[in-house]
Amino acid sequence: MPNQNQIANPQTGQLPQVKGPEMNDRDYLNDCLTTCKYLADGLNVAAWEASHQQLHQDFLQILNETHQSAREVYELMFRKGWYKLEAAEQQKLQQAYQQFSGYSTQFPYH
């Protein structure tokens with residue numbers, strides 16, 4: 001029975017039924033997306049810690065390009081049915097909202 005909370009496109013059927021040790025298109029794209037996420041984490045730190053303004057701007061531009069690349073890979077994987085999401089239940093969303101909505105009063109500038 002399919003998961004009713006799952007958000008996904010049907011798989012395109014381009015993958016082999018039995019997975020061997022070799023990488024297929026989904027594996028390559030998954031590796032690319034994981035690499036983009038890893039690079040974005042490192043670039044965030046580099047941008048925060050850049051002591052020179054132009055270097056900071058360069059890191060931000062590279063970070064933005066990395067985010068764009070990750071988004072394009074994600075969209076391709078989602079279209080092909082290789083990336084699935086799970087919809088959050090309304091009750092869980094409401095609980096999280098209630099839990100964190102009071103935190104803003106603790107900020108020094110609100």
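Residues numbered from 1 in each chain as written. Predicted model: local features only at pLDDT ≥ 70, side-chain atom pairs only at ≥ 80, totals over all residues. Heavy atoms only, no water.

This part covers helix H2 (residues 53–79). Helix length check: H2 (27 residues) gives 39 Å between terminal C-alpha atoms against 39 Å at 1.5 Å per residue, within 8%. Of the positions making up H2, those classed as buried are Leu63, Thr66, Ala70, Val73, Tyr74, Met77 and Phe78. On its buried side, H2 packs onto strand E1 (6–7), helix H1 (25–49) and strand E2 (85–86). Positive backbone phi, at 80 degrees, marks Gly81, one or two positions downstream of H2. (Helix = DSSP H or I, 4+ residues; strand = E, 2+ residues; numbered from the N terminus. Expected span 1.5 Å × (residues − 1). Buried < 20%, exposed > 50% of the residue type's maximum accessible area, 1.4 Å probe, protein only. Contact = heavy atoms within 4.5 Å.)

At their nearest, the axes of H1 and H2 sit 9 Å apart, and the two run at 155 degrees to each other. It follows from the interaxial angle that H1 and H2 lie roughly antiparallel. In terms of crossing hand, the pair formed by H1 and H2 is left-handed. Looking at the contact of H1 with H2 residue by residue, the classes come out as 18 nonpolar, 6 polar and 1 charged. (Axes fitted to C-alpha atoms, helices over the stretch in contact; angles between N-to-C directions. Parallel < 35°, antiparallel > 145°, perpendicular 65-115°, else oblique. Left-handed = near helix turned anticlockwise from the far one by under 90°. Nonpolar A, V, L, I, M, F, W, Y, C, P; charged D, E, K, R; others polar.)

In this section: the confidence of the model for the chain. Averaged over all residues, the pLDDT of the chain is 88; the fraction at 70 or higher stands at 90%. Within the chain, no element has a lower average pLDDT than E1, which sits at 78, and none a higher one than H2, at 97. (pLDDT = per-residue confidence, 0-100.)

Per the stated rule, a full pass over the model turns up 1 salt bridge. Residue Arg71 pairs with Glu75 through a salt bridge whose shortest N-O separation is 3.1 Å. Taken together, the residues Arg71 and Glu75, both in helix H2 and 4 residues apart, mark about one turn of the helix. With a relative accessible area of 45%, Arg71 lands in the partly exposed category. (Salt bridge = Lys/Arg side-chain N within 4 Å of Asp/Glu carboxyl O.)

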